[in-house]
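The lines below spell out each chain.
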Amino acid sequence: MASKYKGYTGKMLDINLTTGKIGTYEISDRDRERFIGGRFLTTKILWDELAAGIDPLSPDNIMIVMTSPLTGTGAPSSSRFDISAKSPLTGAIGHSNSGGNFGMHLKRAGWDGIIIRGKSDHPVYIDIVDDKVQILDATKFWGLNTEEAQHAIGEKNAAKLVIGPAGENLVKYSIIACQDRAHGRSGMGAVMGSKNLKALVTRGTKKIELYDPEGFKKTIRKWIKMLKGHPATGDMAPKYGTSGFLISLSKHHALPTKNFSSGTYKDAIMLTGQTLAETRLVKNAGCMSCPIRCARVVNINGREVKGPEYEILCLLGSNLLINDMDAIIQWNYELDLLGIDSISVGTVMGFAAELQEKGLWNSEVVFGKKDNISQILRSIAYREGVGNDMAEGVRYMSEKYGGKEFAPQVKGMELAAYEPRGAVGHGLGYATANRGACHLDGGYMIYFEATGPATLDPYHYRSKPGFTILDQNLLAAISAGGNCLFTSWTFLPGILFKIPNSRIASWITTRVLTYSWITIDLLLGLPPSLLAIHLPMLPHPKALTQATGMKMHFGKFLQMGARGYTMEKLYNLREGFTAKDDTLPKRFTDEEQIPGNKKSKVPLGKMLPKYYSIRGWDQNGVPTAKTLKKLDLEDIRI
Amino acid sequence: MAHTITEACIGCGACKKVCPNLAITGELKSLHYIDAAKCIDCSVCGMTCTKEAVLDQNGKVVPRIKIADRMKPIVNKQECSACFLCADFCRVNAIKISEPTYRGDLNTYAEINFTKCVGCGLCASNCPMGAITMGKVEKPAVAAKENAVA
């Protein structure tokens, strides 16, 4: 059944690897209106197709590759596509978004997405060229690293999704790679490995039809120009990449140091994006169709390879007390080849080092020692020696060896590279994020609290629930629509970057922004019809309208974010997660980060009730019937 | 209307190799066929065919044109956002993003290799910024060299 909306192909593949059957899957236009695409639509499919409580690594789990209406349309940063499944790392909803060229090619081949069920009895790969879909033998490719696999499998110009040795060995936080980009979090690589699926290859020759091609063209030209002209997306991100923020995080006590025990690192300057750009950067690069180009290219042994992102520079750097950027660049490359998520593994290493220091487990990882890191990363991918326990993640390690109070994980997912005690709103985001302690799913409040041009008071807890919800809804909706989250940086006007560096000016902006929480809380309570506007700094709803033909505006866009987020929450509730899981390790809620500064811990108990009530959830974190009705989710019953 | 192949085809396979959208099928030494749904009317097959066996969308024979004499994409360096879309569309891998001229140079753009380019125009029709236009490049070899220097 084709869709009445443009921007979609209206067709979805349904492949069963156990039986080898290749069919199609129907999505109703009502679900497209409600969930638009990407991570929201996959959550609905997982809700419909999976029984509660299944084993994520069993053939019962399904893996969904899903595009969004804007994927492949030429809109800025719109190569993003989503991979979802029940996460083996957390047992909660698992989804991961990246900007390789696979989504675009899949859509050109005429498919909105692929559902993969069951498990093959031998290694296979799936080859999709337009309507021709084949399941082919991949025995000789099994064991190859992600780079070799992308070279060896399929046609040269095709788009490929592959797993590395880590995915094959079911490392709980293994990635799926596409070009240089990675579907990192939630352990989607392990789900793919559990199905004996080494790769997906696609190449398409069809055109993606749009509702209003001329209007769309005008909108995206304006949009790209805005991104190029904005100080954050046109200057900072391309110049310094994501690690440009590292030094300001250290100043704000939000840079994880020594397994999240401190927020500042004395050698932070040696790890910053500025240092990287001045000494090692060959050029910048980017995902397909993205004008921001925040990716780094560096030189290793005469070869140009992908450079490090902020997260790995921090988590294998300051978090392990290592200040050697060259070593981190090398590990970053090795992790990509092995197919391991660099965020989770960095946090695992930090935790292992603290266990070693406290004498709880001889993990071989020592703070400041760098000569055996490479070997340990390899042992994780192949599950050898200490690597076997580390491959299970921080939650498993803390249950086996102790140290739960300082184990940096929420719902089983390792914390990303931001210390929540230096930015309490970010801490609330970690605690409430549906896929676990993820900075992006949690709302990326750090941009408002530490790294952005104008900051909220990072310790003012009353203002945070409203801002966190606004950010979570907005980022989730942007992601489901098919854009990169960095396109949201233009939400803060460029003029804020030009605020004079004086104490008075920053004091005033901080107060004004912090106390605007009253407006934000009010805004979140408004019905979408009162917000039927197009904001110039947020062209996403307008582009979606012109691409699909759905009537979309700021209010509906925000409501869609709330709906999708609530849907993911419902999925987690069905899996047995409760309000008790919306928490942070004791280190962040009970211990002061700066001794003597009572504010420097996350007052989660004071923020959570407000968070639930603004969202329309009861105090156990369960959405009320009234909220479900308001969000058009009445048909979803736990 | 799409392009079609006439009986004059000898089945050499040259058109199949250059078709940017993989629209041509056929066995060696037998009549080739163009899939109308995929054909983008770029005429590259006709310009390549030694037997002039390809008719365009209006039914006229497409004359043979040497690669060097075809219309080639010209990039507006100011407009180009270096998003790489054109390079992904290009089947002959004739496009890459220019190297920065100094450390920290952000002004990069799509660079066309005119010797590889077959002149299909897929890059121009898919550029979100409209930064690529098809035009005559006077001396392709020299132009390519100048581009590399600039």
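Calculation notes
- Residues numbered from 1 in each chain as written.
- Chains lettered and ligands numbered in written order.
- Predicted model: local features only at pLDDT ≥ 70, side-chain atom pairs only at ≥ 80, totals over all residues.
- Helix = DSSP H or I, 4+ residues; strand = E, 2+ residues; numbered from the N terminus.
- Rg over C-alpha atoms; globule rule 2.2 N^0.38 Å.
- Buried ≥ 20, exposed ≤ 12 C-beta atoms within 10 Å, placed from the backbone.
- Contact = placed C-beta atoms within 7 Å.
- Domains from an automatic or database assignment.
- Nonpolar A, V, L, I, M, F, W, Y, C, P; charged D, E, K, R; others polar.
- Pairing = 2+ DSSP bridges.
- Axes fitted to C-alpha atoms, helices over the stretch in contact; angles between N-to-C directions.
- Parallel < 35°, antiparallel > 145°, perpendicular 65-115°, else oblique.
- Left-handed = near helix turned anticlockwise from the far one by under 90°.

Comments concerning the overall build of chain A
Point 1. Broken down by element type, chain A carries 26 helices and 17 strands.
Point 2. Expected size for 638 residues packed as a compact globule is a radius of gyration near 26 Å; at 23 Å, chain A falls within 12% of this value.
Point 3. Across its three principal directions, the C-alpha atoms of chain A cover 65 × 60 × 50 Å.
Point 4. Within the span of chain A, comprising 638 residues, buried residues form 60% of the whole.
Point 5. Sequence-distant contacts, at least 24 apart, represent 70% of the contacts inside chain A between residues at least 6 apart.

A short note on the overall build of chain B
Point 1. Along its length, chain B carries five helices and eight strands.
Point 2. For chain B, the N- to C-terminal ordering of α and β elements is β-α-β-β-α-β-β-α-β-β-α-β-α.
Point 3. If one aligns the C-alpha atoms of chain B with their principal axes, the spans along those axes are about 55 × 30 × 25 Å.
Point 4. Split into buried and exposed, the 150 residues of chain B put 40% on the buried side.

Overview of the domain arrangement of chain B
Residue and element names in this part refer to chain B.
Point 1. Domain assignment breaks chain B into domain 1 (1–65) and domain 2 (67–149).
Point 2. The gap between the C-alpha centroids of domain 1 and domain 2 is 25 Å.
Point 3. At the junction of the two partners, domain 1 supplies seven residues and domain 2 supplies eight residues.
Point 4. Residues of the side of domain 1 that touches domain 2, tallied by class, amount to seven nonpolar, no polar and no charged.

Re the interface of chain B and chain A
Point 1. Listed per partner, the contact involves 19 residues of chain B and 17 residues of chain A.
Point 2. Considering only residue class, the side of chain B that touches chain A consists of 10 nonpolar, five polar and four charged.

So, the environment of Thr6 of chain B
Residues and elements named next belong to chain B.
Point 1. As for its position among the elements, Thr6 is in the loop between β1 (4–5) and α1 (14–18).
Point 2. Judged by the 13 C-beta atoms lying within 10 Å of it, Thr6 is partly exposed.
Point 3. Residues in contact with Thr6, not counting those within four places in the same chain, are Ala53 and Leu55.

Let's talk about the sheet that holds strand β13 (residues 281–285) of chain A
Residues and elements named next belong to chain A.
Point 1. What the three strands build is an open sheet, ordered β13-β14-β15; its pairing is antiparallel. The open sheet terminates on both sides in strands that have one partner only, identified here as β13 and β15 (303–306). The sheet shows a mean angle of 35 degrees between the axes of neighbouring strands, direction not considered.
Point 2. Sheet topology places strand β14 (residues 295–300) next to β15; four bridges connect them, and they run antiparallel. Its bridge partner lying in β15, Asn299 is registered against Glu304.
Point 3. Across the sheet, helix α12 (residues 325–338) touches β14 and β15, and the angle it forms with β14 is around 105 degrees.

Considering the packing of α12 of chain A against helix α14 (residues 373–381) of chain A
All names here are of chain A.
Point 1. Axis separation between α12 and α14 bottoms out at 10 Å; the angle between their running directions is 15 degrees. Taken as axis vectors, α12 and α14 run roughly parallel relative to one another. Considering the relative orientation of α12 and α14, their crossing is right-handed. Only Ile373, Ser374, Leu377, Arg378 and Ala381 of α14 make contact with α12, whose side of the interface consists of Trp331, Glu334, Leu335 and Leu338.
Point 2. Of the residues contributing to the contact of α12 with α14, the split by class is six nonpolar, one polar and two charged.

Focus: unusual backbone geometry
Residue and element names in this part refer to chain A.
Point 1. In this structure, Leu321 is a non-glycine residue whose phi angle is positive, near 60 degrees.
Point 2. The topology assignment puts Leu321 in the loop between α11 (310–315) and α12.
Point 3. Note on Leu321: 19 C-beta atoms within 10 Å, which makes it partly exposed.
Point 4. A positive phi angle is found at Asp632, which is not glycine, with a value near 60 degrees.
Point 5. Position of Asp632 among the secondary structure elements: in the segment after α26 (625–630).

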